[in-house]
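Analysis of the macromolecular model
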Amino acid sequence: MKETDNSVIEFIENVDSPKKREDAYKLLEIFSEVSGYEAKMWGPSIIGFGSYHYKYASGHEGDAPLVGFSPRKAKISLYIATGDAECDAILQRFGKHTSGKACVYINKVADIDVEVLKELINRCIRLTQETYGS
């Protein structure tokens, strides 16, 4: 995945669902405010904030956003680290969601507690920077 020069606003404006578009703007505001990073497009459909370089034991390496989201057709994907005990505990208070290996999926912002989302963003950035350096 690579950071691109594509416009975040243009991407959001092209989201089909007006409700998803509205939620994307809310998430843009929240992630920007909490992370302190400018939103950038990563690949064709991920809005990312900050970046880090990773290298696995296998030798595979690359760059990725510290946190991000994507207003996909089915659900909104939130790219926030999951899987550690603190994140799992925070997710218990998050609201209606499902979790994958590296994402949390929501239907809409109204289903979640925005203050808990802010905790998760901060935790994810801190955890990623501790793991991979800043």
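Scroll up to find the structure.
Sequence order as written defines residue numbering, which begins from 1 separately in each chain. In keeping with the model being predicted, local features are shown solely for residues with a pLDDT of at least 70 and side-chain atom pairs are shown and tallied solely at 80 or more, while totals for entire chains, interfaces and linings include all residues. To get the side-chain values, take all heavy atoms of the structure and skip hydrogens and water.

1. What about the overall build of the protein chain?
If you tally the helices and strands in the protein chain, you get four helices and eight strands. Runs of E in the DSSP output that reach at least two residues are strands. Runs of H or I that reach at least four are helices, and both are numbered from the N terminus. Taken from the N to the C terminus, the helices and strands of the protein chain come in the order α-α-β-β-β-β-β-β-α-β-β-α. The size measure is the radius of gyration over C-alpha atoms, and the globule rule it meets is 2.2 Å times the number of residues to the 0.38 power. Over its C-alpha trace the protein chain gives a radius of gyration of 14 Å, about what one expects of a compact globule, namely 14 Å for 134 residues. Structurally, the protein chain occupies a C-alpha span of about 40 × 35 × 25 Å along its principal axes. Partly exposed describes any residue whose relative accessible area lies between the buried limit of under 20% and the exposed limit of over 50%, with all areas from a 1.4 Å probe on protein chains only and scaled to the type maximum. Residue burial in the protein chain is summarised as follows: out of 134 residues, 44% are buried. Taken as a whole, the protein chain presents about 7300 Å² of accessible surface, with 49% of it coming from carbon and sulfur. His is not counted here, nor are the chain ends, while Lys and Arg score as positive and Asp and Glu score as negative. Charge positions come from single atoms, namely NZ of Lys, CZ of Arg, CG of Asp or CD of Glu. For the protein chain, the separation between the mean place of its 17 positive charges and that of its 20 negative charges on side chains is 6 Å. The Shrake-Rupley method, run with a 1.4 Å probe, gives the accessible areas here. Residue values count only the displayed protein chains as cover.

2. Examining the packing of helix α2 (residues 18–35) against helix α4 (residues 114–132)
Only the stretch in contact is used when a helix axis is fitted, and all axes are lines through C-alpha atoms; the angle between N-to-C directions ranges over 0 to 180 degrees. For the pair α2 and α4, the least separation of the axes is 10 Å and the interaxial angle reads 45 degrees. One finds that α2 runs oblique with respect to α4. The handedness of the crossing between α2 and α4 is right-handed. Contacts between α2 and α4 involve Leu 27, Ile 30, Phe 31, Glu 33, Val 34 and Ser 35 from the first element and Val 114, Leu 117, Lys 118, Ile 121, Asn 122 and Ile 125 from the second. To sort the angles, those under 35 degrees are grouped as roughly parallel, those over 145 as roughly antiparallel, those from 65 to 115 as roughly perpendicular, and the leftovers as oblique. Throughout, a crossing is termed right-handed when the near helix is turned clockwise from the far one, and left-handed when it is turned anticlockwise from it by less than a right angle. The contact rule is simple, with two residues in contact once any of their heavy atoms fall within 4.5 Å.

3. With respect to the packing of aromatic side chains
The geometry of two aromatic rings is summed up by the distance between their centres and the angle between their planes. Within 6.5 Å between ring centres, the rings of Phe, Tyr and Trp (the latter by its six-membered ring) count as paired, and their orientation is classed by plane angle as stacked under 30 degrees, edge-to-face over 60, tilted in between. The final tally for this structure, using the stated rule, is six aromatic pairs. Here the aromatic rings of Phe 31 and Phe 69 are separated by 5.4 Å at their centres, their planes lie at 40 degrees, and the arrangement is tilted. Of this pair, Phe 31 sits in helix α2 while Phe 69 sits in strand β5 (residues 67–71), placing them 38 residues apart in sequence. Considered together, Phe 31 and Phe 69 belong to a single accessibility category, that of buried residues. Aromatic ring contacts, followed pair by pair, group Tyr 52, Tyr 54, Tyr 56 and Tyr 132 into a single cluster.

4. Structural notes on a negative patch on the surface
Residues enter a patch when their relative accessible area is above 30% and they make no salt bridge; the linking distance is 9 Å between like charges and 5 Å between nonpolar side chains (Val, Leu, Ile, Met, Phe, Trp, Tyr). In the sections that follow, a salt bridge refers to a side-chain nitrogen of Lys or Arg positioned within 4 Å of a carboxyl oxygen of Asp or Glu. Negative charge collects at one region of the surface, where Glu 3, Asp 5, Glu 38 and Asp 63 lie side by side. Here Glu 3 lies in the segment before α1 (8–13).

5. Section: the nonpolar core
Side-chain atoms within 4.5 Å are what join buried Ala, Val, Leu, Ile, Met, Phe, Trp, Tyr and Cys residues into a set we call a nonpolar core. Phe 31, Ile 47, Leu 78, Ile 80, Phe 94 and Leu 117 are the most contacted members of the largest nonpolar core, which has 35 residues in total. Beyond its immediate chain neighbours, meaning those up to four positions away, Phe 94 contacts Leu 78, Val 104, Ile 106, Asp 111, Ile 112, Asp 113, Val 116, Leu 117 and Leu 120.

6. Side note on the state of the cysteines
Note on terminology: disulfide denotes any pair of cysteine sulfur atoms within 2.5 Å. Across all of its chains, the model carries zero disulfides by this definition. In this model Cys 87 remains outside any disulfide bridge; the closest cysteine sulfur is found in Cys 124, 6.7 Å from its own. Cys 103 takes part in no disulfide bond, and the closest cysteine sulfur to it belongs to Cys 124, at a distance of 11 Å. We classify Cys 103 as buried; its relative accessible area is 10%.

7. Section: the pattern of salt bridges
Taken as a whole, this structure holds 12 salt bridges when the rule is applied. Note that Glu 86 and Arg 123 form a salt bridge whose closest N and O atoms lie 3.4 Å from each other. Taken as a pair, Glu 86 in helix α3 (residues 85–91) and Arg 123 in helix α4 lie far apart in primary sequence, 37 residues in all. In this structure Glu 86 comes out as partly exposed when scored by relative accessible area, which is 37%. Residues Glu 86 and Arg 126 are paired through a salt bridge, measuring 3.4 Å at the closest nitrogen-oxygen approach. Residue Glu 86 is located in helix α3, and its partner Arg 126 is located in helix α4; the two are separated by 40 residues in the primary sequence.

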